[in-house]
Amino acid sequence: MANRKKPLVVVTRKLPDTVETRMRELFETRLNVDDTPMSQADLVAAVKTAEVLVPTVTDRIDAALLSQAGPQLRLIAQFGNGVDNIDVATAIQRGITVTNTPGVLTEDTADMTMALILAVPRRLAEGLEVLEHGEWTGWTPTWMLGKRIHGKRLGIVGMGRIGQALARRAAAFGMQIHYHNRRRLPEKVEQALDATYWESLDQMLARMDIVSVNCPHTPATYHLLSARRLKLLKKEAFVVNTARGEIIDEVALTRMIEAGDLAGAGLDVFESEPAVNPRLIKLAKAGKVVLLPHMGSATIEGRIDMGDKVIVNIKAFMDGHKPPDRVLPSML
């Protein structure tokens, strides 16, 4: 690469310093120094000039934007695992390769999912709030009683890398693992996880104590947990979502928790984020839900690993090779 012009790479958000430094060394890189989200006009300017665009999951790279891209834009190297913010089919139709950063967020997201599985039934957020407000008067046998998770049935919706990592963690806590997936796992994997497969999502949901959403957001999974399906859950059940907010009908979920038709929820993602439904905030203050600001993958190690994958994908592409994390419509 030293013998030819470096490609112009436009990065839409601030990345870890080590990642930005390495990108500046390898490419002609324009960074987002103040980390404010790019406006639509900024994104249009970026696709008109960049040879490589490095967006994040909060940037909407749709057909309208791609229609304004210059012929020099050849690669969209997503800094993130999901690509639901990118019109992949349109990009490929225009001769633009799309890559992402799979695999490096698995353990971090599984950790956070397990944390929510613990936090919601055991009322951890409520206990912290009591302490913060100076309302604790001492231990009593019947105060702040939660639900035991040992022996409970966990239904995992989406048994990819993160779902399997979660299954291993939950098994260590004595939970019984059930799952629904687009494809059944190989027998050896299923046996290693001691997991029960359900071809019917409806049938699984009706029998679970805790349901965790760990599948990607695609047109097929939009409101996968619809109002109808949420009504199949037991009143004592909890729902946890660290995938994408759009997979659950958030309004229906909120309504059911308010009515006492569900025990509660732990949510790290929301349908209209960064906006959060005020009714969910009210439920959080009442101790019915635990809410986090989309921080499931937020570790410094994970972010650096993501950046390293972006760099590898760009360099491979610019060197004339197939990038290792190329995304195709058939994969979605």
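The rules we used
- Residues numbered from 1 in each chain as written.
- Predicted model: local features only at pLDDT ≥ 70, side-chain atom pairs only at ≥ 80, totals over all residues.
- Heavy atoms only, no water.
- Pairing = 2+ DSSP bridges.
- Helix = DSSP H or I, 4+ residues; strand = E, 2+ residues; numbered from the N terminus.
- Axes fitted to C-alpha atoms, helices over the stretch in contact; angles between N-to-C directions.
- Contact = heavy atoms within 4.5 Å.
- Domains from an automatic or database assignment.
- Buried area = accessible area lost by both parts, 1.4 Å probe.
- Salt bridge = Lys/Arg side-chain N within 4 Å of Asp/Glu carboxyl O.
- Polar contact = N/O pair within 3.5 Å; in protein donor to acceptor, adjacent residues only side chain to side chain.
- Nonpolar A, V, L, I, M, F, W, Y, C, P; charged D, E, K, R; others polar.
- Core = buried A, V, L, I, M, F, W, Y, C linked by side-chain atoms within 4.5 Å.
- Buried < 20%, exposed > 50% of the residue type's maximum accessible area, 1.4 Å probe, protein only.
- UniProt positions renumbered as here; feature names shortened; annotations may be inferred.

### Remarks on the sheet that holds strand 7 (residues 176-180)
Ordered by their spatial adjacency, seven strands build an open sheet running 8-7-6-9-10-11-12, and the pairing between neighbours is parallel. Two strands bound the open sheet, and with one partner strand each, they are strand 8 (195-197) and strand 12 (289-291). Recorded for the sheet is a direction-independent mean angle of 20° between the axes of neighbouring strands. In the packing of helix 11 (residues 250-258) onto the sheet, the strands contacted are strand 10 (238-241), strand 11 (264-267) and strand 12, and the crossing angle to strand 11 comes to about 140°.

### Side note on the environment of Pro-71
The topology assignment puts Pro-71 in the loop between helix 3 (63-66) and strand 4 (75-77). Along the sequence, Pro-71 and Ile-96 sit 25 residues apart, while their C-alpha atoms lie 9.3 Å from each other.

### Regarding the domain arrangement of the chain
Annotation of the chain at the domain level lists domain 1 (8-103 + 299-331) and domain 2 (106-291). Relative placement of domain 1 and domain 2: their C-alpha centres are 31 Å apart. Taken together, the contact between domain 1 and domain 2 spans eight residues of the former and six residues of the latter. A combined buried area of about 560 Å² lies between domain 1 and domain 2, and 35% of that area is made up of carbon and sulfur atoms. Summed over the three residues of domain 1 that lose the most area to domain 2, namely Asp-84, Gly-103 and Thr-299, the buried surface amounts to 64% of that side. Seen at the junction of domain 1 and domain 2, the total is one salt bridge. Note that Arg-244 and Asp-84 form a salt bridge whose closest N and O atoms lie 3.3 Å from each other. Inspection of the domain 1/domain 2 interface yields four residue pairs in polar contact (both at pLDDT 80 or more). Residues of the side of domain 1 that touches domain 2, tallied by class, amount to three nonpolar, four polar and one charged.

### Details of the nonpolar core
Membership of the largest hydrophobic core comes to 29 residues, with the highest contact counts inside it found for Val-157, Leu-225, Leu-230, Leu-233, Leu-253 and Leu-262. Elements that contribute at least two residues to this core include exactly helix 9 (201-205), strand 9 (210-213), helix 11, strand 11 and helix 12 (278-285). The element that contributes the greatest number of residues to this core is helix 11, accounting for four residues. Aside from chain neighbours lying at most four places away, what touches Leu-230 is Leu-225, Ile-248, Asp-249, Ala-252, Leu-253 and Met-256. Core analysis: the next-biggest nonpolar cluster, separate from the first, contains 25 residues, Ala-119, Ala-167, Leu-193 and Leu-292 among them.

### Digging into helix 12
Every α-helix winds through 3.6 residues per turn, so residues three or four apart in the chain are directed the same way. Structurally, the start of helix 12 carries an N-cap: the backbone nitrogen of Arg-279 is 2.8 Å from a side-chain oxygen of Asn-277. Just downstream of helix 12, Gly-287 is the residue with a positive phi angle, here 80°.

### A few points about the sheet that holds strand 1 (residues 8-11)
If you trace the five strands from one edge of the open sheet to the other, you get 2-1-3-4-5, paired in parallel fashion. Of all the strands in the sheet, the pair left with one neighbour each is strand 2 (28-30) and strand 5 (97-99). Strand-to-strand twist across the sheet, computed as the mean angle between neighbouring axes with direction ignored, equals 20°. Direction of pairing for strand 4 relative to strand 5: parallel, over a ladder of three bridges. Across the sheet, the residue bridging to Leu-75 is Thr-97, located in strand 5.

### Here we look at the UniProt feature "domain: D-isomer specific 2-hydroxyacid dehydrogenase catalytic" (unreviewed entry) in the chain
UniProt marks residues 18-327 with the feature "domain: D-isomer specific 2-hydroxyacid dehydrogenase catalytic" (unreviewed entry), using the numbering shown here. Secondary structure content for residues 18-327 is 37% helix and 13% strand, while the C-alpha to C-alpha distance between its ends is 25 Å.

### Structural notes on the environment of Arg-279
Looking at the element boundaries, Arg-279 is found in helix 12. We classify Arg-279 as partly exposed; its relative accessible area is 33%. For the pair Arg-279 and Ile-177, spaced 102 residues apart in sequence, the C-alpha separation works out to 31 Å. Apart from the residues within four sequence positions on either side, Arg-279 is in contact with Thr-254, Arg-255 and Glu-258.

### A short note on the pattern of salt bridges
Inspection of every chain in the model, using the stated rule, returns 19 salt bridges. A salt bridge links Arg-60 to Asp-62; the nearest nitrogen and oxygen atoms lie 3.5 Å apart. For Asp-62, a relative accessible area of 21% puts it in the partly exposed group. Shared partners join several salt bridges into a network, and the residues in it are Glu-107, Asp-111, Arg-168 and Arg-169.

### Some thoughts on the environment of Asp-59
Tracing the sequence through the fold places Asp-59 in the loop between strand 3 (52-54) and helix 3. Considering only alpha carbons, one finds Asp-59 and Gln-78, 19 residues apart in sequence, at a separation of 9.7 Å. In this structure Asp-59 touches Thr-12, Leu-43 and Asn-85, once residues within four positions along its chain are discounted. Looking at Asp-59, its side chain comes within polar contact range of the side chain of Thr-12, at 2.5 Å. Here Thr-56 takes part through its backbone nitrogen, which lies 2.9 Å from a polar atom of the side chain of Asp-59.

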